[in-house]
Amino acid sequence: MNHVLAIDIGGTKLAAALVDEEGSASRSGTRPTPRTDVMAALASLIEEVTDGGPPAQAVGIGCAGPLDLATGTVSPVNMPSWRGFPVRDEVQKLTELPTVLAGDAQCFALGEHWLGAGRGSTSLLGIVVSTGIGGGLVIDGAPLLGPTGNAGHVGHMSIDVNGERCTCGGRGCVEHYASGPNLTRWALENGWSPAAGADKADARLLAEAAAAGEPVAVAAFERGGRALAGMIASTVAAVEVTTVVVGGGVSAAGKVLFEPLARALDDIAGFAFVRAVEIKQSTLGVRASLAGAANLAWQATTA
Ligand SMILES: [Zn+2]
């Protein structure tokens, strides 16, 4: 059985696995992401997963962005010790294998398309709604990465051209309405407060309040769901994805997010091909990016 080495690099955790052509992981491991010398931790994780295991043919890396595919370098927002870090070349040197790189949200989309909620779909948009909003596109089965590797940044599509400034410098980005911290911020500004004894206001507590019918919490998810629906309708109109898979911590809110999202999409979308899009919740969860990194490596071996 042939294998590839899949690697998922995030601000809190490094993960790696040997994955076969069917998507089964034979060996896997994780490490907390250290503040400094991330490469040493990654090297030891790679050794743990590959040592004594079946040989790998290629390596696929999903990494938090931003990244630059032209140079194979990454500058993850939550990893200050990596700025313009040549992760692709470093891993290639270490493993002596062909190595490919993509963003972690792009790998999420690829993973859900290969083994998760988007299995069998022609073209798919994957959205990770968490501290920020990331995304990735799979078009006719292949990842759409773009010349610098930054295609699919749907969290920074504007759904209000006269809206407030976003942290990216743009205006009216969907992230400013629908990410976890922005849902919570809006709810707090509009009079919601978490129950006494709660550690701190966050999207998980807000989702619990919405599920219990607290009106401001419900309104926060209505507003966030509507922003996501606007972005989804625009994306479907542009590239005709048939399926949207939503993951990330905020997606665990379940129907308090997905019901208003579906209602808003019904209101916003016009053309039949836009209205036909299917919205699904992630089934792979935190494993999606690693699965996608494996799929990226498999696609590279057959390219
Ligand atoms: Zn933005």
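Every residue gets a number counted from 1 within its own chain, in the order that chain's sequence is written. With pLDDT at 70 or above as the cut-off, local features in this predicted model cover only qualifying residues; side-chain atom pairs require 80 or more to be listed or tallied, and sums for whole chains, interfaces and linings still use all residues. Side-chain numbers come from the whole structure's heavy atoms, not from hydrogens or water.

Comments concerning the coordination of the zinc ion
In step 1: Note: metal donors comprise N, O and S atoms at 2.8 Å or less from the metal (3.2 Å for Na, K and Ca); water molecules are not included, so apparent gaps in a site are possible. On the protein side, the zinc ion has His156 (ND1), Cys166 (SG), Cys168 (SG) and Cys173 (SG) as donor atoms, found 2.0 to 2.3 Å from it.
In step 2: In this scheme the shape depends on donor count and angles: four donors with every angle between 85 and 135 degrees give tetrahedral, four or six donors with opposite pairs above 155 degrees and others between 65 and 115 give square planar or octahedral in turn, and any other case is irregular. Given four donor atoms and angles of 106 to 118 degrees at the metal, the environment of the zinc ion is assigned as tetrahedral.
In step 3: All donor residues of the zinc ion come from one chain, and their arrangement in sequence is H-x9-C-x1-C-x4-C. Separated by ten residues along the polypeptide, His156 in the loop between strand 10 (142-144) and helix 4 (175-178) and Cys166 in the loop between strand 10 and helix 4 bring together distant segments of the chain.
In step 4: Exposure remark for Cys166: the relative accessible area of 8% places this residue in the buried category. Secondary structure elements are defined from DSSP: runs of H or I of at least 4 residues count as helices, runs of E of at least 2 residues count as strands, and each element is numbered from the N terminus. Burial classes follow relative accessibility: with a 1.4 Å probe on protein chains only, a residue under 20% of its type's maximum area counts as buried, one over 50% as exposed, and anything between as partly exposed.

Description of the packing of helix 1 (residues 38-50) against helix 2 (residues 87-95)
In step 1: At a minimum axis distance of 11 Å, the contact between helix 1 and helix 2 shows a crossing angle of 40 degrees. Here helix 1 lies oblique to helix 2, going by the angle between them. Seen along the crossing, helix 1 lies across helix 2 with a hand that is right-handed. Along its contact with helix 1, which presents Met39, Leu42, Ala43 and Ile46, the element helix 2 presents Val87, Glu90, Val91, Leu94 and Thr95.
In step 2: Each residue receives one of three labels: charged for Asp, Glu, Lys and Arg, nonpolar for Ala, Val, Leu, Ile, Met, Phe, Trp, Tyr, Cys and Pro, and polar for the others, Gly being one of them. Taken together, the residues of the contact of helix 1 with helix 2 sort by class into seven nonpolar, one polar and one charged. With axes taken as lines fitted to C-alpha atoms, and helix axes fitted only over the stretch in contact, angles between N-to-C directions fall between 0 and 180 degrees. Relative orientations are named as follows: roughly parallel for angles under 35 degrees, roughly antiparallel for angles over 145 degrees, roughly perpendicular for angles from 65 to 115 degrees, and oblique for any other angle. Helix crossings fall into two classes, left-handed where the near helix is turned counterclockwise from the far one by less than a right angle and right-handed where it is turned clockwise. By the convention used here, residues are in contact when the closest approach between their heavy atoms is within 4.5 Å.

A closer look at the domain arrangement of the protein
In step 1: Domain start and end points were adopted from an automatic or database domain assignment. Along its sequence, the protein is carved into domain 1 (3-103 + 286-302) and domain 2 (117-283).
In step 2: At the junction of the two partners, domain 1 supplies ten residues and domain 2 supplies ten residues.
In step 3: Simply put, the buried area is the total loss of 1.4 Å probe accessible area from both parts when two parts are fitted together. Carbon and sulfur atoms make up 51% of the area that domain 1 and domain 2 hide from each other, which totals about 600 Å².
In step 4: Looking at the side of domain 1 facing domain 2, the largest losses of area belong to Leu67, Leu69 and Gln299, adding up to 55% of the total buried there.

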